[in-house]
Amino acid sequence: LISPNLFKYKNNESLLNGLSPGKTTYYKAILQNLFFATLNTKIKDRKFLILDGAHSKPRFEFILPKIKKTTGKKIGVFAMTKGHDPEGFKIIEKYFDEIFWTEVSGERGFWPAKTLQRKIGRGVAEKDPVKAFEKAKDLGGKTLVLGSFYLCGEIRNLFFDPQKIVEQQTEFPN
């Protein structure tokens with residue numbers, strides 16, 4: 001129902017004011033169109049993705065009521081840096097139909113996916129976060145990405161151009 005052209009940055013230059021860095025109208029328009037696209041989907045057919053950087057026992061306890069209220073099939077894509085205790089996942093893991101354990105490469109040390117799988121005692125180990133997300137998506141249902149801000153960033157970049165995100169950032173005045 002919504003033209004794919006509305007999701008193309010170049011097509012919107014003539015339609016929206018303020019596409020320069022520091023302005024947010026482009027992303028507001030995209031989010032608005034995603035919202036309306038969701039409304040144009042039958043409720044039973046809606047699928048979605050939740051990104052949350054929860055990575056500690058208190059944060060897992062905080063998000064637990066939201067996980068419980070999420071209806072339908074729930075698929076988790078989880079990772080965690082070595083600076084945090086993976087035992088925290090035990091607070092939420094039983095509420096997921098399937099879990100994909102993954103890790104993010106880079107300067108931060110992550111628990112290996114196989115180690116997380118072994119510590120929690122269930123799920124599928126997939127080292128590559130994009131492959132883990134694709135496998136989760138293929139199962140249908142609602143995909144929740146948790147355990148690391150870095151993991152959430154990797155998955156977010158599949159949907160939004162990282163350079164455009166950087167251009168939208170603002171700084172506090174001196």
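Residues numbered from 1 in each chain as written. Predicted model: local features only at pLDDT ≥ 70, side-chain atom pairs only at ≥ 80, totals over all residues. Heavy atoms only, no water.

Undergrad: I'd like a rundown of helix α4 (residues 129–138), residues and numbers included.
TA: All of the buried residues along α4 are P129, A132, F133 and A136. An end-on view of α4 places all buried positions within 95° of arc, on one side of the element. Buried residues belonging to α4 abut β1 (49–51), β2 (74–78), β3 (98–101), β5 (142–146) and α5 (149–156). One side-chain oxygen of the residue at the start of α4 lies 2.7 Å from the amide nitrogen of V130, identifying that residue as D128. G140 sits one or two residues past α4 and shows a positive phi near 75°. (Buried < 20%, exposed > 50% of the residue type's maximum accessible area, 1.4 Å probe, protein only. Helix = DSSP H or I, 4+ residues; strand = E, 2+ residues; numbered from the N terminus. Arc of directions from axis to C-beta. Contact = heavy atoms within 4.5 Å. Polar contact = N/O pair within 3.5 Å; in protein donor to acceptor, adjacent residues only side chain to side chain.)

Undergrad: Residue-level account of the packing of aromatic side chains, with values.
TA: Enumeration according to the criterion identifies six aromatic pairs in this entry. When the centroid spacing of 5.0 Å and the interplanar angle of 40° are considered together, the rings of F60 and F89 count as tilted. In this pair, F60 sits in helix α2 (residues 57–69) while F89 sits in the loop between β2 and β3, placing the two residues 29 residues apart along the sequence. Across this residue pair, the class does not change: F60 and F89 are buried. Overall, F89 belongs to the buried group, its relative accessible area being 0%. An aromatic cluster is defined as three or more aromatic residues linked by ring pairs; in this entry it consists of F60, F78, F89, F96 and W101. (Phe/Tyr/Trp six-rings, centres within 6.5 Å; stacked < 30°, edge-to-face > 60°.)

Undergrad: Now, about the environment of F149: what can you tell me, with residues and values included?
TA: Topologically, F149 is positioned in helix α5. Linking F149 and L51, residues 98 residues apart in sequence, is a C-alpha distance of 8.7 Å. Apart from the residues lying within four places of it in its own chain, the contact partners of F149 are G53 and H55.

Undergrad: Break down the sheet that holds β5 for me, citing the residues and quoting the values.
TA: Ordered by their spatial adjacency, five strands build an open sheet running β1-β5-β2-β3-β4, and the pairing between neighbours is parallel. Edge positions in the sheet fall to β1 and β4 (124–125), since each of these pairs with one other strand and no more. One ladder, built from two bridges, connects β3 with β4; its direction is parallel. Each residue of the ladder has a partner; that of F100, found in β4, is V124. (Pairing = 2+ DSSP bridges.)

Undergrad: Describe the nonpolar core, with residues and values.
TA: Counting 19 residues, the largest nonpolar core has F78, F89, I92, F96 and W101 as the members making the most contacts within it. Where this core is concerned, the elements lending two or more residues are α2, β3, α3 (113–120) and β5. Residue contributions to this core peak at four residues, all from α2. In terms of nonpolar packing, the next biggest core, distinct from the first, is built from 13 residues, V104, A136, C152 and I155 among them. (Core = buried A, V, L, I, M, F, W, Y, C linked by side-chain atoms within 4.5 Å.)

Undergrad: An account of the pattern of salt bridges is requested, with residue identities and associated values reported.
TA: Taken as a whole, this structure holds four salt bridges when the rule is applied. The partner of E87 in a salt bridge is K90, and the shortest N-O contact between them spans 2.8 Å. Using a relative accessible area of 27% as the deciding quantity, one classes E87 as partly exposed. Among the salt bridges present, the one from R122 reaches E93, with a minimum N-O distance of 3.1 Å. Of this pair, R122 sits in the loop between α3 and β4 while E93 sits in the loop between β2 and β3; the two residues are 29 residues apart in sequence, bridging distant segments of the chain. (Salt bridge = Lys/Arg side-chain N within 4 Å of Asp/Glu carboxyl O.)

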